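Report on the structure
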Amino acid sequence: MTNIPETGRTPRVQIRLVVIQILVLSLLGTLGGRLWFLQIRNGNEYAKEASGNHVQQVVQPAVRGSILDARGVPIADNETRLVVSASRTDLMKMADDGKAVLTKLAGVLGLKPKDVIQKVRLCDAKTPQPCWNGSPYQPIPITDKATARQALQIRERSEDFPGITAEPEAVRRYAAPGKANTAQVLGYLSPVTDDEITKAKDTDSPYLRSDQVGRSGLERQYDKALRGKAGVTRYEVDNLGRVIGKAKSDKAEPGANLVTSIDARVQRVAEYELDYAMKVARTQFDKITGENYKADSGAVVVMEAKTGRVVAMASQPTYDPNAWVGGISGKDYTALTGKKSNYPLLNRAIQGQSAPGSTFKVVSTAAAVQAGYAFDGHYPCTSSYSVGSQVFKNFEGESFGPISLGRALEVSCDTVFYGLADNEWKRDGGINPKKKPKDYFYRTAHQFGLGQTTGIDLPNEVTGRVPDRDWKLNYWKANKDAWCKTGKKNGTYVQRIEYENCLEGNKMREGDSINYSIGQGDTLVTPIQEAAIYSAVSNGGTLYEPTIGKAIVSADGKTVQEIKPKANGKLPVSRATLKGMNEAFAGVVTRGTAAWKFGGWPQDKIPLHAKTGTAEVYGKQTTSWLATYSKDYTIIMTISQAGTGSGASGEAVRKIYNALYGVSADGTITKKNGLLPTPQKGLPKVQTDGTIESGRISKDPAKDQQASQAPKDATPDPNLPAGTTASPTGGNRVTRRRTARPPKGRGKRIPT
């Protein structure tokens, strides 16, 4: 007798069969569920995606909007060029990655094979320019300067140039009307990257792979409005790629035009005068360093005093933004970003920060009045101010006796402000301050808008620095270890400073407050901050947010979005104090530290006001600052390592005012010669067909102004450009003598 069933299967075998059956049924159930999910639950979605496999998209790039000056003159627009491009996708399918094709292409275009091959490399952390930082699936432009003959040769021999196209395309053009470069204000474009496409995918302004996007300046700030919307035509194709129908078409929408407050004529004059002032400074001898001034960088801002609108903004060194169009070469990229380039991509009007020197005294004066000192009081202007064994000297050691705050501004008396700041430091408790010190001098700086951005409609503006107690504490915490490691009590000057900072760098020392009062020490400001401050002094106390964009106008001119001036606050100054400041700053022009550069100016008809500044920077030559304003405009100029405020910048600023108002060198006013006697009010008109009504501009307004400003009876100096008058002999430092102030003569001073 046996225990084996009739089926011949043991119990163990039967268990195994059951397990197998369960597994099979589970797999079938899973498969069925997945099929239900794909075909029923998400069937429509996958059907839609599958249909896309039979649709090909043809992208029609949108025409980027123009950037116009205040009178409608294009300063950035588009032009049609023959662009030769390479498809990296097609080239990578070749055995040699397309090197043979690119070498052959280089021969046709008259370029070096190495340069062409480098242009199709993908950019990464280890790959220097030139390289492609856009999408690898987008055609890569090799050149936008192809001739018709070169393009025809490529197209007729297409079998020799697989993956290469030669097509007419609209490309960006930075027109430089009247030679107005405007580089740092405009910015430049480059291809969109895959990361940018991904990040913008679900926004209201997604990118296409063919898009060019703004990388700096107005091109970046207003990119969304300027870019428009690319058109996309979708074609149905069969599995062989043949078109069998048109699925859908989205029409391209051209970008809007940006109207700015820039006047291209004034911009050209500002750029020219800044550049020329720097060249002249380099011919002047600096007695302190024993060599000529380097004058290595500078900036100038011309602003409407009553609105904050920027009429001109120039920065040196500068560059040609057209270098970026069609892809930048390795040589150009090195010239713009290399260590020896001095970084021309920086807009020093909003990104250049330095000690402001005596132009900061407008803040110190307001602070003193807030602290309870009378504007018309009498304060000792001595030749020096001593604190223990340390002596703080007045500029050139001059002494004017007891003078008012207004007179201290006129003659730029340092020791008046030394004494006031020192008194306040002591009242606040000195090196061990009270629990809640008043800190009038530091608080007032913040109220003037310093230590923060102005909000100008340009990217990457810097804040400057107000070295108050909070800043000193944070700075000390960040640097204490390094100072304590390298500082020496009896070492070099730098080592002694580091030693002192190690011990008490977190405390507000007496010397810190004294230096701060005249815009020295750790204080940093930008030209645009000074423009906002002095505009506020001019207009009665309103701090405006500087703006360059004036309106966004649709391509057909039907939609206009104006960008209104915006007030950021009020100066902490009374009307009486403002009146006193205005009188003092007018005195700077007529009898103070800038008088030697503004002799003959028609002050009775067009009152000008100014404050000079000469900032000392350790290890460098002095920085020139000149802050000026009329009832209409504020002009700020600064030049690094160029000498005194009036000496390096005075003549240049005077000539910009000459150009604005039509004033000749002898003070004669000819209104028809004035470029902008009153600020531009209206907007240029854009027609429905896209054409723009614009004002006229000559080949070079700067040269025209030189000719018009020259006095009729002047004998030109053959060694100077047309219209340039010779400065007094003696150089940057020793000829800056103020005129006598009737009826009381108070001695002479070498101005700052």
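Here's a quick rundown of the structure. (Residues numbered from 1 in each chain as written. Predicted model: local features only at pLDDT ≥ 70, side-chain atom pairs only at ≥ 80, totals over all residues. Heavy atoms only, no water.)

The next subject is the pairing of strand β17 (residues 390–393). Within a regular strand, the side chains alternate between the two sheet faces. Where strand β16 (residues 384–387) meets β17, 4 bridges bridge the pair, whose relative direction is antiparallel. Along β17, the bridge assignment pairs serine 384 with lysine 393. (Pairing = 2+ DSSP bridges. Helix = DSSP H or I, 4+ residues; strand = E, 2+ residues; numbered from the N terminus.)

Our focus in this paragraph is the state of the cysteines. Two cysteines whose sulfur atoms are joined by a covalent bond form what is called a disulfide. In the structure shown here, the tally under the stated rule is 3 disulfides. Covalently, cysteine 123 is tied to cysteine 131 through a disulfide, its sulfur atoms 1.9 Å apart. Here the disulfide of cysteine 123 and cysteine 131 is right-handed, its torsion about the S-S bond being about 100°. Across the protein chain, the disulfide pattern expressed with sequentially numbered bonded cysteines is 1-2, 3-4, 5-6. (Disulfide = S-S within 2.5 Å.)

Okay, the packing of aromatic side chains next. Here the structure, examined in full by the defined rule, presents 16 aromatic pairs. Each ring, one from tryptophan 471 and one from tyrosine 475, has its centre 4.6 Å from the other, and the planes form 15°; the classification is stacked. Of this pair, tryptophan 471 and tyrosine 475 are both found in helix α18 (residues 469–486), 4 residues apart, which corresponds to roughly one turn of the helix. With a centroid separation of 6.3 Å and an interplanar angle of 85°, the aromatic rings of phenylalanine 585 and tyrosine 629 are classed as edge-to-face. (Phe/Tyr/Trp six-rings, centres within 6.5 Å; stacked < 30°, edge-to-face > 60°.)

Taken as a whole and judged by the stated rule, the model has 30 salt bridges. Notably, a salt bridge pairs lysine 179 with aspartate 700, separated by 4.0 Å at the nearest N-O pair. Taken together, the residues lysine 179 in the loop between β5 (164–173) and α7 (183–186) and aspartate 700 in the loop between α23 (645–661) and α24 (701–709) connect sequence positions 521 residues apart. Residue classification places lysine 179 among the exposed positions, given a relative accessible area of 51%. A relative accessible area of 7% places aspartate 700 in the buried class. Among the ionic pairs, glutamate 651 bridges to lysine 655, the shortest N-O distance being 3.5 Å. Of this pair, glutamate 651 and lysine 655 both sit in helix α23, 4 residues apart, roughly one helical turn. (Salt bridge = Lys/Arg side-chain N within 4 Å of Asp/Glu carboxyl O. Buried < 20%, exposed > 50% of the residue type's maximum accessible area, 1.4 Å probe, protein only.)

For the rest of this paragraph, the subject is unusual backbone geometry. The omega torsion across glutamine 316 and proline 317 is 0°, close enough to zero to call that bond cis. Topologically, proline 317 is positioned in the loop between β14 (310–316) and α12 (330–337). Phi is positive for alanine 176, close to 50°, though the residue is something other than glycine. Following the sequence through the fold, alanine 176 ends up in the loop between β5 and α7.

A separate point is the side chain of serine 517. For serine 517, the position within the fold is in the loop between α20 (510–516) and α21 (527–539). A distance of 2.7 Å separates a polar atom in the side chain of serine 517 from the backbone oxygen of isoleucine 514. (Polar contact = N/O pair within 3.5 Å; in protein donor to acceptor, adjacent residues only side chain to side chain.)

Here we come to the side chain of threonine 577. Here threonine 577 shows up in helix α22 (residues 575–590). Judged by its relative accessible area of 6%, threonine 577 falls in the buried class. Here threonine 577 is in contact with Val369 and Phe375, once residues within four sequence places are set aside. (Contact = heavy atoms within 4.5 Å.)

So, on to the packing of helix α11 (residues 264–281) against α23. Where α11 meets α23, the axes come as close as 9 Å, and the angle between the chain directions of the two elements is 160°. Our classification of the angle between α11 and α23 gives roughly antiparallel. As α11 packs across α23, the resulting crossing turns out to be right-handed. On α23, the residues touching Val266, Val269, Ala270, Glu273 and Ala277 of α11 are Ala648, Ala652, Lys655, Ile656, Ala659 and Leu660. Of the residues in the contact of α11 with α23, the class split is 9 nonpolar, no polar and 2 charged. (Axes fitted to C-alpha atoms, helices over the stretch in contact; angles between N-to-C directions. Parallel < 35°, antiparallel > 145°, perpendicular 65-115°, else oblique. Left-handed = near helix turned anticlockwise from the far one by under 90°. Nonpolar A, V, L, I, M, F, W, Y, C, P; charged D, E, K, R; others polar.)

So, about the nonpolar core. Generally speaking, a soluble globular protein has its nonpolar side chains buried in company with each other. Counting 132 residues, the largest nonpolar core has Met313, Val362, Val416, Phe585, Ile656 and Leu660 as its most contacted members. The contacts of valine 362, once residues within four sequence positions are left out, are Leu409, Phe448, Ile533, Tyr534, Val537, Met581 and Phe585. By size, the runner-up hydrophobic cluster in this structure holds 21 residues, among which are Val84, Met94, Val101 and Ile140. (Core = buried A, V, L, I, M, F, W, Y, C linked by side-chain atoms within 4.5 Å.)

Right, let's talk about the sheet that holds strand β25 (residues 633–640) for a bit. Hydrogen bonds between backbone atoms are what pair the strands of a sheet, whose relative direction is either parallel or antiparallel. Spatial ordering of the open sheet is given by β14-β13-β25-β24-β23, a layout of 5 strands whose pairing is antiparallel. The open sheet has two edge strands with one neighbour each: β14 and β23 (609–615). Mean inter-strand twist for the sheet, computed between neighbouring axes without regard to direction, equals 5°. Examined bridge by bridge, strand β13 (residues 297–304) and β25 share 8 bridges and lie antiparallel to one another. If you follow alanine 299 over to β25, its bridge partner there is threonine 638. Packed onto the sheet, α23 meets β13, β23, β24 (623–629) and β25 and runs at close to 145° relative to β25.

With that out of the way, let us pick up the pairing of strand β3 (residues 74–86). As paired elements, strand β2 (residues 67–68) and β3 share 2 bridges and run antiparallel to each other. Bridging from a neighbouring strand, isoleucine 67 pairs with alanine 76 of β3. Adjacent in sequence and paired antiparallel, β2 and β3 are bridged by 5 residues, among which glycine 72 carries a positive phi angle near 90°. As paired elements, β3 and β5 share 10 bridges and run antiparallel to each other.

Moving on, we come to the environment of alanine 652. Positionally, alanine 652 belongs in helix α23. Here alanine 652 falls in the buried class, since its relative accessible area comes to 5%. Separated by 381 residues in sequence, alanine 652 and glutamate 271 have C-alpha atoms that sit 10.0 Å apart. Contact partners of alanine 652, with chain neighbours within four places excluded, come to Glu273, Ala277 and Met637.

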